[in-house]
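This is what each chain is made of:
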Amino acid sequence: MSSSWNSVGLEVLYQVLGWVAFFAWSFSFYPQVILNYKRKSVVGLNFDFLVLNLTKHSSYLIYNAAMFFSPFIQRQYHDKYGDKEMIPVAANDVAFSLHAVALTAFTVFQVFIYERGIQKVSKVCISITAIVWTAAIVCLIIAWPKSDWLWLIDVFNSIQVGMTAIKYIPQAIMNFRRKSTIGWSIGNILLDLTGGVLNFGQMGVQSIDQHTLVNFYGNIGKTLLSLETVFFDVLFIIQHYVLYPAKKDENGKAIISERVAPLIRPSDKPEEDNV
C-alpha cells in the first residue's frame, strides 16, 4: 500500500473522522462521573469494570508515553521496522491515555466517597489484576539487563489489548442479574460507540483511497477488538432501552429502587442492656 494519499478530499475526511472519534472517546468518561456526582452513589457501576479499565488505560499510558518520549525506544523501533517507518504514537495518543487514567482514577475515588451498597471487587478480578501486574514486573526484570525496552512496552500494549477484550463482561453480567442499568451511564456508551463507528469509518476511507483492505486484515487483532467493543456498546444500548428500561413516575422521572448495604450489620448491632 502506498504511503501517500491519492485523494486530498478523502485525506481531509480521514482526519476529520479521526479527531471527532478522539473527542467522542475523550468525553465518554464524563457522563459516568457526572451521574455518580448527581446520585451521590455508585450503585449499579460494576467495580470489576473499573479495576480492569484502570489497568487497561495505565498499561496503554505506559506504552504511549514510553514510545513518544524515549529516543532510545524510538531507535529500537526504527532498528526493528526501518528508519522510514513513523513512530506509531502521536501526541494526542499520549494526551488521551493520560486523560483516561485520570478520569478512571477519579471514578475509583468516587467509589470510596459515595454510597456503594453491597458491591465489591470480585476475587476473580483481583486475581486477574494481580497476575497481570506480577507478569509485568517479571517482564521488567527480564528486559532490564538487555535494555530490551521496546519488547517491554509491547508487553504493556498486549496487556491493554487483553483488558479491552474482557473489561465490559462484568458490567454486562451485572446488568443482566439486576435486570437494570440504573447507575451505569448510557452517555458513556453512546459516545464510545460513536468513537468506534467513526474509527471504522476512518479505516474504510483509507481502504477506499488505497484500493485495499489491508488495514482491516493486516491488524486483525485490532479489528476484532474494535468489533467486540462495538458489540458490547450495542448490547448495553439494548439492555438500557429495550430489556431493562427504567420505570418512571407520573412526572416522567426514573424510579430508582436499589439495594444498599446497612450502615450497621445485624451482627454488629450493640446488645441492649437488660433492665
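Since we're looking at a predicted model, the values are computed, not measured.

Here we look at the overall build of the protein chain
Each helix and strand in the protein chain was counted, giving eleven helices and zero strands. Reading the protein chain from its N end, one meets helices and strands in the order α-α-α-α-α-α-α-α-α-α-α. Counting across all 275 residues of the protein chain, residues that qualify as buried make up 40%. Surface exposure of the protein chain reaches about 16,400 Å², of which carbon and sulfur atoms provide 65%.

A short note on the UniProt feature "transmembrane region" (unreviewed entry) in the protein chain
Under the UniProt annotation, "transmembrane region" (unreviewed entry) lies at residues 12-37, 58-74, 94-112, 124-143, 149-169, 181-203 and 223-244. Regarding residues 12-37, the helix share stands at 92% and the strand share at 0%, and the terminal C-alpha atoms are separated by 39 Å. Counted over residues 181-203, helix gives 78% and strand 0%. Its end C-alpha atoms are 32 Å apart.

Details of the side chain of Asn199
You can see Asn199 is positioned in helix H9 (residues 186-210). Once residues within four sequence positions are removed from consideration, Asn199 is found in contact with Ala21, Trp25 and Ser226.

Some points on unusual backbone geometry
In the Ramachandran plot, Ser147 falls in the positive-phi region, its phi being about 55° despite a non-glycine side chain. With relative accessibility at 25%, the residue Ser147 sits in the partly exposed group. Look at Lys179: it is not a glycine, yet its phi comes out positive at around 55°. Position of Lys179 relative to the elements: it lies in the loop between helix H8 (169-178) and H9.

Topic: a nonpolar patch on the surface
Residues Leu190, Val234, Ile238, Tyr241, Val242 and Leu243 make up a contiguous nonpolar surface patch of about 530 Å² in total accessible area. For the nonpolar patch, the element with the most residues is helix H11 (residues 220-243), which contributes five residues. The topology assignment puts Val242 in helix H11.

Digging into the packing of helix H3 (residues 47-69) against helix H5 (residues 91-113)
Following both chains from N to C, one finds H3 and H5 inclined at 150°, their axes separated by 8 Å at the closest point. Here H5 runs roughly antiparallel to H3, going by the angle between their axes. Judged by the twist between their axes, the crossing of H3 over H5 is left-handed. Here the contact of H3 with H5 is built from residues that sort into 17 nonpolar, seven polar and one charged.

Points about the packing of aromatic side chains
Under the counting rule described, the total for this entry stands at 21 aromatic pairs. Arranged with centres 6.2 Å apart and planes meeting at 35°, the rings of Trp19 and Phe23 form a pair that is tilted. In this pair, Trp19 and Phe23 are both assigned in helix H1 (residues 8-27), four residues apart and thus about one turn of the helix distant. For Phe23, a relative accessible area of 43% translates into the label partly exposed.

Describing the environment of Ile113
With respect to the helices and strands, Ile113 occurs in helix H5. For Ile113, a relative accessible area of 43% corresponds to the partly exposed category. Each C-alpha atom of the pair Ile113 and Lys40 lies 8.4 Å from the other, and the pair is 73 residues apart in sequence.

A closer look at the environment of Ser185
Mapped onto the elements, Ser185 comes out in the loop between H8 and H9. Once the C-alpha coordinates of Ser185 and Pro31 are considered, the two residues, 154 residues apart in sequence, prove to be 6.2 Å apart. Once you skip the residues sitting within four places of it in the chain, Ser185 turns out to touch Pro31, Gln32 and Leu35. A polar atom in the side chain of Ser185 sits 3.5 Å from the backbone nitrogen of Asn188.

Topic: the packing of helix H6 (residues 123-146) against helix H7 (residues 149-166)
Their axes nearest at 9 Å, the elements H6 and H7 cross at an angle of 170°. Comparing their axes, H7 and H6 come out roughly antiparallel. The two elements H6 and H7 cross, and the hand of that crossing is right-handed. Residues Ile128, Val132, Trp133, Ala136, Cys139, Leu140, Ile142, Ala143 and Trp144 of H6 touch H7, and the partners they reach there are Trp149, Trp151, Leu152, Val155, Phe156, Ile159, Met163 and Ile166. For the contact of H6 with H7, the residue count by class is 17 nonpolar, no polar and no charged.

Quick notes on the nonpolar core
Judged by nonpolar contacts, the single largest core of 19 residues is most densely connected at Phe49, Leu50, Trp184, Ile189 and Phe236. The contacts of Trp184, once residues within four sequence positions are left out, are Gln32, Leu35, Gly44, Leu45, Phe49, Gln171, Asn175, Ile189 and Phe236. Leu52, Val155, Ile159 and Met163 belong to the second-largest nonpolar core, a separate cluster that totals eleven residues.

Basis of the calculations
- Each chain carries its own residue numbering, running from 1 in the direction its sequence is written.
- Whole-chain, interface and lining totals are the exception, using all residues; otherwise, since this is a predicted model, local features are given only for residues with pLDDT of at least 70 and side-chain atom pairs are given and counted only at 80 or more.
- With hydrogens and water set aside, each side-chain value is computed from the structure's full complement of heavy atoms.
- Helix and strand assignments come from DSSP, with helices taken as H or I runs of at least 4 residues and strands as E runs of at least 2, each series counted from the N terminus.
- For each residue, the accessible area found with a 1.4 Å probe, counting protein chains only, is set against the maximum for its type, and the residue is called buried under 20%, exposed over 50%, and partly exposed in between.
- Note that accessible areas follow from Shrake-Rupley with a 1.4 Å probe, and for residues the cover is restricted to the protein chains shown.
- UniProt positions are given in the numbering used here, feature names are shortened, and annotations may be inferred rather than shown by experiment.
- Contact between two residues is taken to exist if any of their heavy atoms lie within 4.5 Å; hydrogens are not considered.
- Patches were defined on residues exceeding 30% relative accessible area and lacking a salt bridge, with like-charge contacts within 9 Å and nonpolar side-chain contacts (Val, Leu, Ile, Met, Phe, Trp, Tyr) within 5 Å.
- The term salt bridge refers to a side-chain nitrogen of Lys or Arg lying within 4 Å of a carboxyl oxygen of Asp or Glu.
- Angles shown run from 0 to 180 degrees and are taken between the N-to-C directions of axes, each axis being a line fitted to C-alpha atoms and, for helices, limited to the stretch in contact.
- Our angle categories are set so that under 35 degrees counts as roughly parallel, over 145 as roughly antiparallel, 65 to 115 as roughly perpendicular, and the remainder as oblique.
- Handedness of a helix crossing follows the sense of rotation of the near helix relative to the far helix, less than a right angle counterclockwise being left-handed and clockwise being right-handed.
- Classification used: nonpolar for Ala, Val, Leu, Ile, Met, Phe, Trp, Tyr, Cys and Pro, charged for Asp, Glu, Lys and Arg, polar for all others including Gly.
- Each aromatic pair joins two rings of Phe, Tyr and Trp (for Trp, the six-membered one) with centres within 6.5 Å, and gets the label stacked for planes under 30 degrees apart, edge-to-face for over 60, and tilted for any other angle.
- Residues adjacent in sequence count toward polar contacts only when both atoms are side-chain atoms; beyond that, a polar contact is any pair of N or O atoms within 3.5 Å, and within protein one must be able to donate a hydrogen and the other to accept it.
- Here, nonpolar core means buried Ala, Val, Leu, Ile, Met, Phe, Trp, Tyr and Cys residues that are tied together by side-chain atoms lying within 4.5 Å of each other.

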